[in-house]
There are 2 protein chains.
Amino acid sequence: MTVSEGSLIHPVILCGGSGTRLWPASRESFPKQFIPLAEADRSSFQATALRLTDATVFARPAIITAQEARFTVGEQLAQVGVAADILLEPQRRDSAAAVAVAALNAARRDPEALVLILAADHVVGDTPAFVAAARAAAVAARDGCIMTLGITPTAPATAYGYIQMGDPLPGAAGASGAHAIARFLEKPDAPRAEGLIAEGALWNSGYFLFRADVMLDELRAHAPAVLDAAEQALAQASRDLDFVRLDPAAFAQAPKISIDYAVMERTRRSGVLPVRFPWSDIGTWGALWEVSDRDGAGNALRGRAAVRDTRNSLVHSSGDILTTVVGLDDVVVVTTPDAVLVTSREAGSEVKALVEDLRARGEPEADAHRLMYRPWGSYQRIDIGARFQVKRITVKPDGRLSLQKHYHRAEHWVVVRGTAEVTVDGAVTLVHENEAIYLPIGCVHRLANPGKIPLELIEVQVGSYTGEDDIVRIEDVYGRDNA
Amino acid sequence: MTVSEGSLIHPVILCGGSGTRLWPASRESFPKQFIPLAEADRSSFQATALRLTDATVFARPAIITAQEARFTVGEQLAQVGVAADILLEPQRRDSAAAVAVAALNAARRDPEALVLILAADHVVGDTPAFVAAARAAAVAARDGCIMTLGITPTAPATAYGYIQMGDPLPGAAGASGAHAIARFLEKPDAPRAEGLIAEGALWNSGYFLFRADVMLDELRAHAPAVLDAAEQALAQASRDLDFVRLDPAAFAQAPKISIDYAVMERTRRSGVLPVRFPWSDIGTWGALWEVSDRDGAGNALRGRAAVRDTRNSLVHSSGDILTTVVGLDDVVVVTTPDAVLVTSREAGSEVKALVEDLRARGEPEADAHRLMYRPWGSYQRIDIGARFQVKRITVKPDGRLSLQKHYHRAEHWVVVRGTAEVTVDGAVTLVHENEAIYLPIGCVHRLANPGKIPLELIEVQVGSYTGEDDIVRIEDVYGRDNA
C-alpha cells in the first residue's frame, strides 16, 4: 500500500460529552475527557490525539466539540503538539449529527476518504494494537463496509452494549478479520452478560471506520433529516479564529439520535472487527479504578492521599487537599478544591443522579469548576468574603483579556510571576513581579501578557458585588461578546 | 445553705487534650474542645464554661490549659462572656499534676474550698441536672469525700471505664445519693460491658469534686512527687498578661500519671454519685454521630453536605467545600479546607493511628490547621506558589501584630474590611478599605487594628522563601519571643 492522501485514515474525535458520572472531577464546565484521570500527565482527549500521530496511517485529525470547549481543545492540542481541524457544535445533537458532519467534512477533500470516528474519553492500553486494528478495519471499509471495532470482553460488564458477530466478510475484508454484524445488544444484566461472552459477543466500542460516501449514502437512506441539517450547518458555517463554527440555526434542525440507532442498526453494510487491546470508556469511578495501577492492597491512590486498613479503593485527590480513608473497603473518594464525593465502586449512575440533585438545589459546584479556563489562560477563586473576592489569574504569553469595566468593584492586581501589560483608561503600563496596580471602580482596563513566560497575578476585588457577570466587555480579541 | 464564698463550688476545667481521634477537624494546633462539634455555634469548652454560670452555686472558674492554647482559651471565654483564671501548663503531665495545681490554687483562698474538676471536651445534655448533681456531690465532698460522678449507662459502651458502687455513704452524704466506690474497672469488651450494666455499674465520667485540703492530703500520701512538683510550679509561677504561667522546670518534675491511678484507685476517701443526665466524651466521630441530631435516614449532616442512598452516616463539612456521599451506609466523612477523612462510624482509634502515620510522613496537616489563631486574631493561607503566598489576615479591634521584618519576602497588603494602622520603618499610616500598602523586603513593620470592627486584609507575599519562620520579631505586646 503506498502512502498517499487517499490511502490515509481521517480520524475524527468526538469530544462533546459532559461526563457527570465522574463528578466532581468532571463537570459541565470541564468534562472528563479533558482531565488527567487514567494517566497522571495527560487527559484522555490528549491520549486519543496522540494515538493518531503515525503519519503513514492517519491524516490530520478533526475534532468535533462543543462551542464552550473550544479554547480547552485548542490548548490541550497545543500542549501535546498535535495540529487538528476543530469543528464547533453550537449545541449537543447526539452522535448521528456529529458523524454526518465528519463524513461531509472529509468528503469535501475526497468523497471516498476513510473516516475513523473516535470518542475522546476512552482509554486504550496498547496503541500499536489499536493502530493495527484501524488498518485492518480499513480494508473492509474501503470495500464499502461501515466498520466498528468490537472489543473482546475481559469481564461480564453490564455497562457496555454488545455485538454478536455474523459470518466473516468475503474477500480481503474477511481475510483481515472483519465479520458481518448479526445483532446489536443493549446493556445486559450480569447473568446475560456472562451468556453473551460465552457466545462470543463483543463489546460495542463506539469506534466507526467508513468511507465518507458510504456513510453519506446510508444517512440519506436512514436519517435524511440528520444529513440535511448537517449539510446546511456545514455549508453555512463561519470561521472564527482557528475554529469552524457550524451554523446554529441549521444544526438545531438535526434530530437528536445516536449513530447506532440512526444508521448502524439499520444498514446492511455494517461490519465488525474483533480486537483484543485493553480498553475502557471510563464510564464510572469504578471503571477508572479497574484501569488504574493499584498497590498490593488493591488501592489506586492519586494525588495527596493516605489510607489505613483500606482495600480495593480509589482515592483521587486533584487539589492540594490531603485525602485519607480509614477502615473501609471498595470505596471511591474524589476530592477537588471545592467538592468531595464519597461513594462505592459500584455506584455509577447514582453519581449522575446526585449531580442532578445538586443542580436542582442550585449548587454551583454541580456544573462549574473553581478553576475556569479562558482563551487567554485561566483563573480561580481563592477566597471570597462579604465585600471582596480574591482570584489567582494566569495569562499565557501573548494572552489578552478583554477590554472591560466593572460597575461594582475596584481591583488590586499584584504580579507574582512574569510581566503584565495593563491598560487603564487608555494609558499602558508594564507591571513586573512584586509590583501592584490599582484599578478604580468604573475604569476601562485590559490585562495582557507581553512576555515569554506565563503571567501570574493575584487579583483582590473589593466592592458591593463581585459576581462574574459584572463585566462589561468593550472589545475582545477572542470574539467573545458580553455574555 | 447560705450563699457564701465558702459554700460555693470552685470549678476547674482541664483543657489540655489534643483529640487526634477527631482529626482532621481536631488537631494539635486547635484541638477538639475548641471546635463547634456537638453544637453548631459553640465549642464544648465554651459549653462547659457556660454550664458553670450559676453564681449561687459556682465560684469564678479556673482553666488549666496548654501554653500554646492560651489565646484560644482567652478568646473563647470572651466570646461567651465568662471570666476565669487561666493557668498555663508548660507541657503535658497528665491529669494528676493538673488536679494538684487546681487543689493548691483553690486552697490559697480557702483550704477547705470545694473544687470541681471538669473536662473541656464533654457533652452534657441537661445543665440543670448537671448542676443538681454537683450540688448533691458537694454534700459528700464537704464531709471529706473525693467524689466522682458516675453516669448511668445508656448502652454497653466499650470506650468508657466503669465504676462499681459500694454501700451508700453514711449521714447526709448518703442521703444525697452518694455511695462508696467498690471498684474501678478498665474499658471492657462488649459482653463484659453488658454484664457490668446488669450489675449496676456506672460510667466513669472523669468529673471529681473534693475539698482542696482532702485532695492535698491524699496526694501527699499517694503521689508526693506530683504534689511537690505542682507546689513548686505554682510557687514559682510567673504572671504573663492575664495568664498564670506555671514554672516549666518545676512542673517538668511531675510524674506523668492520671489522677485515677495516682489517687482515686488508692484513696479510702472516694465516693461516687450516680447521675442520669445525657453525657458523652465525644471520643470518636462515631460518638459525635450518636449525640447529633439526625434526619429520617439516620444521617447527621453539618455544613455544606448532600447525600443520596445513604443511611446512618455523619457528614461534617467545616470549610465551604460541598461534601457528598452516594450509596454508602454507616460512614463518617469529615471535610476541612486542607484535609478530608473518610471512615466508618466504628473506626475510632484507627483515626488516631492514621494521624501518627501522617506525622511520620511529615504531612503538615497532621497537626497544623490552615486557619491559625493568634492573640491578635487569625490568619490562613489561601494560595501558595513557587515564589508567592497569599493569606487572609483578620485582626481584632485593638489587636497588634509584632514589630517585625522578613529577610526573604516583600508583602502587599490590601485592606478589604475595616482600617489598618501600618507602621513602616517608624512611619505610621492608616490604610482604609479598598486601599493597599507595599512593604519592601527588609523593612521593619507592624500591623494593628485601631478601629471598632475586625480588620480583614489580603496579604500577598512575594519572595524566594515565604515560610512562617522568616519572621524576625523586634517587639511584641503579647510577650511572644522570636520562636
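Residues numbered from 1 in each chain as written. Chains lettered and ligands numbered in written order. Predicted model: local features only at pLDDT ≥ 70, side-chain atom pairs only at ≥ 80, totals over all residues. Heavy atoms only, no water.

**Side note on the interface of chain B and chain A**
Accessible area lost on assembly of the parts is the figure often given for the size of an interface. We apply this condition: Any two residues whose heavy atoms approach within 4.5 Å are treated as being in contact. Salt bridge, as applied in this entry: a Lys or Arg side-chain nitrogen positioned within 4 Å of an Asp or Glu carboxyl oxygen. Polar contacts, as counted here, are pairs of nitrogen or oxygen atoms within 3.5 Å of one another; within protein the pair requires one atom able to donate a hydrogen and one able to accept it, and residues that are adjacent in sequence qualify only if both atoms are side-chain atoms. Each residue gets one of three labels, nonpolar for Ala, Val, Leu, Ile, Met, Phe, Trp, Tyr, Cys and Pro, charged for Asp, Glu, Lys and Arg, and polar for the others, Gly among them. Here a strand pair is declared whenever DSSP counts at least two bridges between the two strands. Each helix is a run of H or I in the DSSP string that is no shorter than four residues. Each strand is a run of E no shorter than two, and both are numbered from the N terminus.
Facing 60 residues of chain B, the contacting portion of chain A comprises 60 residues. Inspection of the region where chain B meets chain A yields 14 salt bridges. Arg392(B) is paired through a salt bridge with Asp383(A); the nearest N and O atoms lie 2.8 Å apart. Joining chain B to chain A, the criterion identifies 32 residue pairs in polar contact (both at pLDDT 80 or more). Its residues assigned to classes, the side of chain B that touches chain A shows 34 nonpolar, eight polar and 18 charged. Relative to strand S17 (residues 322–326) of chain B, strand S19 (residues 339–344) of chain A runs parallel, the two being bridged by five bridges. Looking at the pairing, Ala339(A) lines up with Leu322(B) of S17(B).

**Remarks on the UniProt feature "domain: Nucleotidyl transferase" (unreviewed entry) in chain A**
Spelled out, the test is: UniProt positions are given in the numbering used here, feature names are shortened, and annotations may be inferred rather than shown by experiment.
Under the UniProt annotation, the feature "domain: Nucleotidyl transferase" (unreviewed entry) is placed at residues 11–294 of chain A. End C-alpha atoms of residues 11–294 of chain A are separated by 32 Å, and the span's content is 37% helix alongside 24% strand.

**Focus on the packing of helix H3 (residues 94–109) of chain B against helix H8 (residues 224–235) of chain B**
All names here are of chain B. Short version of the rule: Lines fitted to the C-alpha atoms define the axes, with helices restricted to the stretch that makes contact. Angles between their N-to-C directions range from 0 to 180 degrees. Just so you know how the angles are binned, under 35 degrees is roughly parallel, over 145 roughly antiparallel, 65 to 115 roughly perpendicular, and the rest oblique. Rotating anticlockwise by less than a right angle from the far helix to the near helix defines a left-handed crossing, while the corresponding clockwise rotation defines a right-handed one.
The geometry of H3 relative to H8 is characterised by a closest axis approach of 9 Å and an angle of 55° between their N-to-C directions. As the angle between them shows, H3 and H8 are arranged oblique. Where H3 crosses over H8, the handedness of that crossing is right-handed. Residues Ala96, Ala97, Ala100, Val101, Leu104, Asn105 and Arg108 of H3 pack against Val226, Leu227, Ala230, Glu231 and Leu234 of H8.

**A short note on the pairing of strand S20 (residues 371–374) of chain A**
Residues and elements named next belong to chain A. As paired elements, S20 and strand S21 (residues 377–384) share four bridges and run antiparallel to each other. The residue of S21 that forms the bridge with Met372 is Tyr379. Taking the residues that link successive antiparallel strands as the turn, the S20-S21 hairpin has two residues.

**Quick look at the pattern of salt bridges**
The line we're drawing: Think of it in three bands: residues with accessible area under 20% of the maximum for their type are buried, residues over 50% are exposed, and the middle band is partly exposed, with areas taken using a 1.4 Å probe on protein chains only.
Under the definition given, this model contains 55 salt bridges over all chains. The salt bridge partner of Asp121(A) is Lys32(A), with a shortest N-O separation of 3.4 Å. With Asp121(A) in the loop between strand S4 (114–119) and strand S5 (123–124) and Lys32(A) in the loop between strand S1 (9–15) and helix H1 (44–50), this residue pair connects regions lying 89 residues apart in the sequence. For Asp121(A), a relative accessible area of 17% corresponds to the buried category. Put simply, Arg311(B) and Asp329(B) hold a salt bridge, and the shortest N to O gap is 3.5 Å. Pair noted here: Arg311(B) is in the loop between strand S15 (305–308) and strand S16 (314–317) and Asp329(B) is in the loop between S17 and strand S18 (331–335), with a separation of 18 residues, a long-range link.

**Thoughts on the relation of the copies chain B and chain A**
Basically, it comes down to this: The fit set for superposing copies consists of C-alpha atoms from residues with pLDDT of at least 70 in both; the fit itself is least squares.
Expressed as a screw operation, the relation of chain B to chain A combines 0.0 Å of axial shift with a rotation of 180°, fitting to an RMSD of 0.1 Å. These values place the two chain copies in the arrangement generated by a two-fold rotation axis. Taking the C-alpha atom as reference, chain B places Ile382(B) closest to the rotation axis, 3.0 Å from it. Most of the interface of chain B is mirrored in chain A: 100% of its interface residues are interface residues there too.

**What about the UniProt feature "domain: MannoseP isomerase/GMP-like beta-helix" (unreviewed entry) in chain A?**
Residues annotated in UniProt with the feature "domain: MannoseP isomerase/GMP-like beta-helix" (unreviewed entry) correspond here to residues 309–358 of chain A. Annotated as 22% helix and 40% strand, the span residues 309–358 of chain A places its first and last C-alpha atoms 32 Å apart.

**Thoughts on the sheet that holds S19(A)**
If you walk across this open sheet you meet the six strands as S14(A)-S16(A)-S18(A)-S19(A)-S17(B)-S15(B), and the pairing is mixed. Edge positions in the sheet fall to strand S14 (300–302) of chain A together with S15 of chain B, since each has one partner strand and no second. Across the sheet, the mean angle from the axis of one strand to that of its neighbour is 5°, orientation sign disregarded. The pairing of S15(B) with S17(B) spans four bridges and is parallel. When the bridges of S17(B) are listed, Ala306(B) appears paired with Thr324(B).

**Regarding the domain arrangement of chain A**
Here is the rule we go by: Boundaries between domains were set according to an automatic or database domain assignment.
For chain A, the domain assignment lists domain 1 (5–280), domain 2 (292–346) and domain 3 (371–475). One C-alpha centre belongs to domain 2 of chain A, the other to domain 3 of chain A; they are set 36 Å apart.

**Structural notes on the side chain of His179(B)**
Residue and element names in this part refer to chain B. With respect to the helices and strands, the residue His179 is situated in strand S8 (residues 179–185). A polar side-chain atom of His179 sits 3.1 Å from the main-chain carbonyl oxygen of Gly166. When sequence neighbours within four positions are dropped, the list of residues in contact with His179 reads Met165, Gly166, Asp167, Pro168, Leu169, Gly271, Val272 and Pro274.

**Remarks on the sheet that holds strand S15 (residues 305–308) of chain A**
With mixed pairing, six strands are arranged side by side in an open sheet as S15(A)-S17(A)-S19(B)-S18(B)-S16(B)-S14(B). In this open sheet, the two strands that pair with only one neighbour each are S15 of chain A together with strand S14 (300–302) of chain B. Between one strand axis and the next, the sheet turns by 5° as a mean value, whatever way the strands run. For S16(B) and S18(B), the ladder comprises four bridges, and the chain directions are parallel. Paired with His316(B) across the two strands is Val334(B), which belongs to S18(B).

**Considerations on unusual backbone geometry**
All names here are of chain A. In the segment running from Trp23 into Pro24, the intervening peptide bond is cis, with an omega of 5°. Counting through the fold element by element, Pro24 comes out in the loop between S1 and H1. You will see that Asp330, though not glycine, has its phi angle at about 60°, which is positive. The residue Asp330 is located in the loop between strand S17 (322–326) and strand S18 (331–335) in this model.

**Quick look at the packing of helix H3 (residues 94–109) of chain A against helix H7 (residues 212–222) of chain A**
All names here are of chain A. Put simply, H3 and H7 touch, their axes get as near as 9 Å, and they point 135° apart. Between H3 and H7, the interaxial angle falls into the category oblique. Here the hand of the crossing between H3 and H7 comes out left-handed. Between H3 and H7, the contacting residues are Val99, Ala100, Ala103, Leu104, Ala106 and Ala107 on the first element and Ala212, Met215, Leu216 and Leu219 on the second.

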